[in-house]
Amino acid sequence: MAGTFGSINATASALRYHQAVMEVASGNIANVATDGYARRRVVGEAVGAPAQPAMWSRFDGHGDGVRVGSVDRLVDPLLDSRARREHGTQSFLDTRAAALARVESSLGEPAGEGVSSALADVRRAWQDLANNPDSAATRTQVIATSRTLVDAVAGQRRNIEAEEGDQRASLLADVGETNTLAHDLAAANEAITAARLAGNDTSSLLDSRDQMALRLAELTGGTAVENGQGGLDVTVGGVALVTGGKAGTLSVASGVNPDGTSDGQPLGLAVTPPGGTATAVTGLRGEVGGTADLLGGTLPALRAGLEAVAQQVADTVNAAHQAGFDRTGAAGQPFFAVDPSAPGGPLVLLVTDPAQVAASAIGGGPNRDGSNGNAIAAALAGPTSSYQQFVTGLGNDVASVRRLAATQQNLTDQVDGARDQLSGVNIDEEMVTMMQSQRAYEAAARVMTTLDSVLDTLINRTGLVR
Amino acid sequence: MPINRVTQSMLTDRSLTRLQGSLSRLADIQEHLSTGRVLNRASDNPGDAATAMRLRASLGEQQQYARNAEDGQGWLASLDSTLGSANDMVRRARELGQQAVNGAMSQQSRDALAAEVDQLRAALVSGANTTYVGRPVFGGTTAGSAAFTESAGVVTFTGDTNPVNRSVADGVVVDVSVAGPAAFGADGDNVFDHLSALSTALRAGDVTAVKAGITTLTSDSDRLVVARAEVGARTNRVDLAVTRAGDLETSLTNALAEIENADLPKTMVDLKMQEVAYQASLAATARVLQPSLVDFLR
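Rules used throughout
- Residues numbered from 1 in each chain as written.
- Chains lettered and ligands numbered in written order.
- Predicted model: local features only at pLDDT ≥ 70, side-chain atom pairs only at ≥ 80, totals over all residues.
- Heavy atoms only, no water.
- Axes fitted to C-alpha atoms, helices over the stretch in contact; angles between N-to-C directions.
- Helix = DSSP H or I, 4+ residues; strand = E, 2+ residues; numbered from the N terminus.
- Parallel < 35°, antiparallel > 145°, perpendicular 65-115°, else oblique.
- Left-handed = near helix turned anticlockwise from the far one by under 90°.
- Contact = heavy atoms within 4.5 Å.
- Nonpolar A, V, L, I, M, F, W, Y, C, P; charged D, E, K, R; others polar.
- Buried < 20%, exposed > 50% of the residue type's maximum accessible area, 1.4 Å probe, protein only.
- Buried area = accessible area lost by both parts, 1.4 Å probe.
- Salt bridge = Lys/Arg side-chain N within 4 Å of Asp/Glu carboxyl O.
- Polar contact = N/O pair within 3.5 Å; in protein donor to acceptor, adjacent residues only side chain to side chain.
- 1 Å grid on protein atoms, 1.4 Å probe; cavity = no way out; pocket = protein on both sides within 12 Å on 5 of 7 lines; lining within 4 Å.
- Points joined across faces, edges and corners; volume = space filled by probe spheres on them.

Asks: Tell me about the packing of helix H3 (residues 115–131) of chain A against helix H2 (residues 46–102) of chain B, and please be specific about residues and values.
Replies: At a closest axis distance of 10 Å, the pairing of H3 of chain A and H2 of chain B adopts a crossing angle of 15°. Judged by the angle between their axes, H3 of chain A and H2 of chain B are roughly parallel. The hand of the H3 of chain A/H2 of chain B crossing is right-handed. Contact residues: H3 of chain A offers Ser-116, Arg-123, Arg-124, Gln-127, Asp-128 and Asn-131 of chain A, while H2 of chain B offers Met-53, Gly-60, Glu-61, Gln-63, Gln-64, Arg-67, Asn-68 and Asp-71 of chain B. Looking at side-chain class alone, the contact of H3 of chain A with H2 of chain B contains 1 nonpolar, 7 polar and 6 charged residues.

Structure (structure tokens):
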């Protein structure tokens, strides 16, 4: 049997409970656009008979009101971990796609003033020389167009090198961000453990924990698992980067100097686990993985491809040029050299005197034969087609990585959508909750009024006869 | 993916993504329209880009073949006219010899004929040294300025007999020169010697020698005719090459345009369609983001 004020207590619990519901709903509404915010839901619990009544006692109440059972943070750890994986792959592909697209557009092919147009001009100049081998103008033209070709090849090499430089700088920035985040995540892990022990609400800490883990995955493709104390342990490339409240470091072991220049070594990354020693890691995803992939393979391969074309140009032209004879009838000199370390390299023009251009196929003295010009023009067909293959290969790579990134975007969007479906705030829903609680609050207040009036009748009117 | 719950951020995110997609398609079409090309970088269509680069290289080649052939036409035309007039002169010399043989003629008249033969010979020597852009056309690849030099009344070939080749098509090389001896005879037995001999015979009144001279000049004339016919045949080849290079240039340009260039009417229609789609998604976004339950609660 409830006491006199039993109902008042139950009503008071209703007022408290619905205030809490409205508070949480208003918190949800306030954070409708907050990144990484997972909505909360108040789980109410009817206060009733004790689960284990005292011996020989009897519970004769009908419900003693309501209380806040818990405030749930609506997240799915499985979805979170999928999101981290897909975001890691997405930023890996996006980094590669953006860099390759920049290199590609700097080529200026297929129709721009790039290497292929320079090669075509050189071939034309040799043919014109063949038609008119004793003209100083056509000889000079051969040298001038060859110089343009040298400049065009050097320009493309510079573009690739500039991209490598940018990638090195961005790698250092990403590594720095990773280490700061790892440190912050470790601190958040510690705070979560402490808050749990103190019985405080950890929702906001968990929000920022999840966001940091997601960003770490975007940076490195690292995986995270809950450590049983509310924290997330992060592993990068199979090596622990964050363990509970302790953070390790990601570092560039070789390949990049601290000032962003290349040290000439192949790129190497290492993770030092908390309290451990640096361990080399490979196969990272995320932005760091994408950059490492570009610096460790793709961009050097492009540079080597361009160098191979330059080498082929030099070899074919030299062979043909040395088989010919210059204006005085002397045998032709090597025309090009390949020197990747030359400031204007890799292709270097060796013949600069128009008289030394070996247009003639007939030696022994000065003559007006131009057939070696034709031979050189014809020999340039080989390098021209190699260069076309180089451009098409790059185009294929760019198209492929762009397709992969677009496909991955669908997947990433899908996972993000699934997370948002669960964790996102819907204003209508919150409004319904608010209204429901508002009405419940009003009703509870009315119950309170009724109880007050009932007691008033009992206290003040009992015994009075009108 | 069944949608169980829709949130405001899902709506905004999706609307933004779709607007972005729509806008980027508009940007693509805008690029096609403003550049007039659908192939702006190799990755737009790697296969087509490879073809386009090959076509562009072939186009450059054909243009160069046409230039080479036109240069060859100049050589051959100057050879043709030179050989033509050389043959006329040889024929005239033969006529003069014939006159001396046929009619009863005074030595004075024969001397006059001999003088004309000398004139013809001088003209023929100068014809044999005809140049095209500064090069003697009968001199092969000689570095000198004359194909034939006259010294002490003897004309000798001072050029070389190397061909002057022009590439006029893929793998087709045409020699656009005629070696001096092939047209005018070998040193010591050339048309100039024969004309000198005729002139000497006329001056000497030696009818037998004049007759012999006429015979040798006939074979000289034959040689010139053969050389000219050969030049004509090569001119035909070169002319044909010019035409073919032109035709190929046209068809390559067309093929290139087909691959690279934007189809204007189609692109305009696409642009209009994308504009409509963009406006629709803008309108949809405006409508979907506007309302919420808040608007309908008192």
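On we go.
Asks: If you had to explain unusual backbone geometry to someone new, which residues and values would you point to?
Replies: All names here are of chain B. Backbone geometry at Val-133 places phi at a positive 45°, although glycine is not the residue there. Looking at the secondary structure, you find Val-133 in the loop between strand E1 (131–132) and strand E2 (135–136). Positioned with a positive phi, Ala-152 is a non-glycine residue whose angle comes to about 50°. For Ala-152, the position within the fold is in the loop between strand E3 (148–151) and strand E4 (154–157). Residue Ala-152 is classed as exposed on the basis of its relative accessible area of 79%.

Asks: Could you give an account of the interface of chain A and chain B, naming the residues involved and the relevant values?
Replies: If you look at the interface, chain A gives 48 residues, while chain B gives 52 residues. Buried surface at the junction of chain A and chain B, summed over both partners, amounts to about 3900 Å²; 51% is from carbon and sulfur atoms. By the criterion of area lost to chain B, the three top residues of chain A are Pro-110, Arg-368 and Gln-421 of chain A, representing 21% of everything that side buries. Remark: the boundary between chain A and chain B carries 3 salt bridges. When the shortest N-O distance is used, the salt bridge between Arg-5 of chain B and Glu-429 of chain A registers 2.7 Å. Taken together, chain A and chain B are joined by 27 residue pairs in polar contact (both at pLDDT 80 or more). Of all the elements in the fold, those that place two or more residues in the side of chain A that touches chain B are H3, helix H8 (381–423) and helix H9 (427–461) of chain A. Ranked by residue count, the leading element in the side of chain A that touches chain B is H8 of chain A, at 16 residues.

Asks: Before we move on, could you go through the layout of surface pockets and cite the residues and values that matter?
Replies: What the largest pocket holds in volume is close to 1100 Å³. If you trace the largest pocket, you find 38 residues lining it, with Asp-35, Asp-416 and Asp-420 of chain A together with Ser-9 and Asp-13 of chain B closest to the centre. For the lining of the largest pocket, the elements supplying multiple residues, two or more each, are helix H2 (77–107), helix H5 (203–220) and H8 of chain A together with helix H1 (8–35) of chain B. Among the residues forming the lining of the largest pocket, the class breakdown is 10 nonpolar, 14 polar and 14 charged. Taken as a whole, the second largest pocket encloses approximately 390 Å³ of empty space. Together, 23 residues line the second largest pocket, and Ser-116 and Ala-120 of chain A together with Arg-56, Ala-57 and Gly-60 of chain B are the ones closest to its centre. Counting only elements with at least two residues in the lining of the second largest pocket, the list comes to H3 and H8 of chain A together with H2 of chain B. Residues of the lining of the second largest pocket, tallied by class, amount to 8 nonpolar, 9 polar and 6 charged.

Asks: Outline the side chain of Arg-123 of chain A, listing residues and values.
Replies: Secondary-structure assignment places Arg-123 of chain A in helix H3. For Arg-123 of chain A, a relative accessible area of 13% corresponds to the buried category. Ignoring sequence-local partners within four residues, the contact set of Arg-123 of chain A consists of Ala-377, Leu-380, Ala-381 and Thr-384 of chain A together with Glu-61 of chain B.

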